[in-house]
Amino acid sequence: MIINTTEVQAINSFSKLEFLKEIYDIIWMFVPILTTVLGITIGVLVIVWLEREISAGIQQRIGPEYAGPLGILQALADGTKLLFKENLLPSRGNMCLFSIGPSLAVISILVSYSVIPFDYHIVLADLSIGVFLWIAISSIAPIGLLMSGYGSNNKYSFLGGLRAAAQSISYEIPLTLCVLSISLLSNSSSTVDIVEAQSKYGFWGWNLWRQPIGFFVFLISSLAECERLPFDLPEAEEELVAGYQTEYSGIKFGLFYIASYLNLLVSSLFVTVLYLGGWNLSIPYILVPEFFEVNKEIKIVGAIIGIFITLAKTYLFLFISITTRWTLPRMRMDQLLSFGWKFLLPISLGNLLLTTSSQLFSL
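Residues numbered from 1 in each chain as written. Predicted model: local features only at pLDDT ≥ 70, side-chain atom pairs only at ≥ 80, totals over all residues. Heavy atoms only, no water.

Outline the overall build of the chain, supporting the account with residue identities and numerical values.
For the chain, the helix and strand inventory stands at 14 helices and 0 strands. Going from N to C terminus, the chain has its helices and strands arranged as α-α-α-α-α-α-α-α-α-α-α-α-α-α. Counting all 363 residues of the chain, 44% fall into the buried class. Considering only residue pairs separated by 6 or more positions, the chain has 81% of its internal contacts joining residues 24 or more positions apart. Total accessible area on the chain is roughly 19500 Å²; 71% of this is exposed by carbon and sulfur atoms. (Helix = DSSP H or I, 4+ residues; strand = E, 2+ residues; numbered from the N terminus. Buried < 20%, exposed > 50% of the residue type's maximum accessible area, 1.4 Å probe, protein only. Contact = heavy atoms within 4.5 Å. Areas by Shrake-Rupley, 256 points an atom, 1.4 Å probe, with all protein chains shown as cover.)

Structural data, given as structure tokens:
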């Protein structure tokens, strides 16, 4: 059988095109993930800079000003310093648990970003159980903290890990009940559907007005989950040196530092999605019909505006969280647990009961 040279060349060129197409598909599959990671990294750097500037303003001092313009590169300089610092290990600790703990804390929080929508089409995974997937995954982070405390072979570290686990359990339940109330109101657990359900009446359609009690319980519980003042008992320096971080140095200590800000950012994003209307402009469509027609015709412009609105609402909540940290004193551990079990849990249960009753009567 004789094959023409032209046919051989055509087959080879077709094979090359198929190979290039496969490579292009593989690269394109990682583009959204890498874009999200890059955006998260920039967001964390901005949060660190904002916290230092806001805390400096509250305490009437200058704050960072030498690393870059207005000190905006200070967080990058700190990260570089931690990257090149010596990584010390406790001589009698459990090396496996000691090494896995920080990574587990960071990875569990990073996965939570996969269900956060920045616009209708800008979400890594629009799942029907999106909000509950976030709660399930975020529950893994305290396990990493407990592993770190136990693997350090240090009483202060172990007490910090136990406190982190107890605090997470105490405030995860009220937070979950608030999320369940939002799911009942929106008839969906998808983050995209929850935002769309709030877009019907603009600003007055936010779940903030329909669930004011749930909003404040969610706000307090998310601050406790992030271990921010006045809820930073797992690393209370007056009592536990640095809690579960006591034996860590170098990049592993930096991972804990990153995890705390990643958790703060993801909590702020979920407050925006669940209660503040997400990417919607929150102006009744009757007032600006032309604007929404432009968004329909130019999807890129609409996506950019949606991302900007989401981030603006998120950083507004971040400002509240940072101001709270530098304003309120730390609670005692018994006060922390009593506040969660005796105050927030009954209120969140009552809020869920009221929401369920109103939904049943509206049928």
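Next, the rest of the story.
For the nonpolar core, give the residues involved together with the corresponding values.
Judged by nonpolar contacts, the single largest core of 57 residues is most densely connected at Tyr 113, Trp 134, Val 179, Phe 218, Phe 270, Leu 274 and Tyr 275. Looking at this core, the element that brings in the most residues is helix α11 (residues 250-275), giving 12 residues. Both domain 1 (18-84) and domain 2 (88-362) contribute no fewer than three residues apiece to this core. Those residues in contact with Tyr 275 that lie beyond four places of it in its chain are Cys 178, Ile 182, Gln 198, Trp 206, Asn 207, Leu 208, Gln 211, Gly 214, Phe 215, Phe 218 and Phe 270. (Core = buried A, V, L, I, M, F, W, Y, C linked by side-chain atoms within 4.5 Å. Domains from an automatic or database assignment.)

Go over helix α9 (residues 212-225), please, and point to the residues and values.
For α9, spanning 14 residues, the distance from its first C-alpha to its last is 20 Å, which sits close to the expected 20 Å at 1.5 Å a residue. With 10 of 14 residues buried, α9 is to be regarded as a mostly interior element. Residues of α9 that are buried include every one of Gly 214, Phe 215, Val 217, Phe 218, Leu 219, Ser 221, Ser 222, Leu 223, Ala 224 and Glu 225, and no others. (Expected span 1.5 Å × (residues − 1).)

So what's going on with unusual backbone geometry? Which residues, and what values?
Its identity is not glycine, yet Gln 60 carries a phi of approximately 55°, on the positive side. Residue placement: Gln 60 occurs in the loop between α1 (5-58) and α2 (74-83). Judged by relative accessible area, which is 75%, Gln 60 ranks as exposed. Of note, the phi angle at Asn 153 is positive, near 55°, even though the residue is not glycine.

Got a sec to walk through the pattern of salt bridges? Specific residues and values, please.
Scanning the entire structure with this criterion turns up 5 salt bridges. For the salt bridge of Arg 330 with Asp 232, the shortest nitrogen-to-oxygen distance reads 2.7 Å. One end of the pair, Arg 330, is in the loop between α13 (299-325) and α14 (333-361); the other, Asp 232, is in the loop between α9 and α10 (237-240), and 98 residues separate them in sequence. A salt bridge links Asp 334 to Arg 332; the nearest nitrogen and oxygen atoms lie 3.0 Å apart. According to the relative accessible area criterion, Asp 334 is partly exposed, its value standing at 41%. (Salt bridge = Lys/Arg side-chain N within 4 Å of Asp/Glu carboxyl O.)

If you had to explain the UniProt feature "transmembrane region" (unreviewed entry) in the chain to someone new, which residues and values would you point to?
The residues that UniProt annotates with the feature "transmembrane region" (unreviewed entry) are residues 26-50, 95-116, 122-147, 255-278, 298-322 and 343-361. With 100% helix and 0% strand, residues 26-50 has its two end C-alpha atoms placed 37 Å apart. Overall, residues 122-147 shows 62% helix and 0% strand. The separation of its end C-alpha atoms is 35 Å. (UniProt positions renumbered as here; feature names shortened; annotations may be inferred.)

Describe helix α6 (residues 155-186), listing the residues and the values that go with them.
Taking 1.5 Å of rise per residue, the 32 residues of α6 would be expected to cover 46 Å, and the 46 Å separating its terminal C-alpha atoms lies within 8% of that figure. Residue Glu 172 marks the point of greatest curvature in α6, where the axis turns by about 30°; the proline Pro 174 follows within four residues. At the C-terminal side of α6, Asn 187 shows a positive phi close to 55°. (Bend = angle between axes of the 7 residues up to and from the residue.)

Account for the side chain of Ser 183, with residues named and values stated.
In this structure, Ser 183 sits in helix α6. Apart from residues no more than four positions distant in its own chain, Ser 183 is found in contact with Val 131, Phe 132, Ser 188 and Ser 189.

Talk me through the packing of α6 against α14; I want residue IDs and the actual numbers.
Contact geometry for α6 and α14: axes closest at 9 Å, N-to-C directions at 15°. As the angle between them shows, α6 and α14 are arranged roughly parallel. The interaxial crossing formed by α6 with α14 has left-handed handedness. Of the residues in the contact of α6 with α14, the class split is 19 nonpolar, 9 polar and 1 charged. (Axes fitted to C-alpha atoms, helices over the stretch in contact; angles between N-to-C directions. Parallel < 35°, antiparallel > 145°, perpendicular 65-115°, else oblique. Left-handed = near helix turned anticlockwise from the far one by under 90°. Nonpolar A, V, L, I, M, F, W, Y, C, P; charged D, E, K, R; others polar.)

Residue-level account of the packing of aromatic side chains, with values.
Aromatic rings in a pair are described by how distant their centres are and how their planes are angled relative to each other. Enumeration over the complete set of coordinates arrives at 16 aromatic pairs. Ring centres of Phe 98 and Tyr 248 lie 4.0 Å apart, and the angle between their planes is 5°; this geometry places the pair in the stacked category. In this pair, Phe 98 is assigned in helix α3 (residues 95-112) and Tyr 248 in the loop between α10 and α11, connecting sequence segments 150 residues apart. Using a relative accessible area of 0% as the deciding quantity, one classes Phe 98 as buried. Following the ring pairs from residue to residue traces out a cluster consisting of Trp 134, Phe 215, Phe 216, Phe 218, Phe 270 and Tyr 275. (Phe/Tyr/Trp six-rings, centres within 6.5 Å; stacked < 30°, edge-to-face > 60°.)

Requested: an account of the confidence of the model for the chain, with residues and values cited.
Summing up the model confidence of the chain, the mean pLDDT is 82 and the portion of residues at 70 or higher is 88%. Across the chain, element-level confidence peaks in α9 with a mean pLDDT of 92 and bottoms out in helix α12 (residues 289-297) with 48. The low-confidence segment residues 285-290, where pLDDT is below 50, has 3 contacts with residues more than four positions distant or belonging to other chains. (pLDDT = per-residue confidence, 0-100.)

Break down the environment of Val 106 for me, citing the residues and quoting the values.
Mapped onto the secondary structure, Val 106 falls in helix α3. It is 7.8 Å that separates the C-alpha atoms of Val 106 and Leu 262, two residues lying 156 residues apart in sequence. Apart from residues lying up to four places away in sequence, Val 106 is in contact with Leu 255, Ala 259 and Leu 262.

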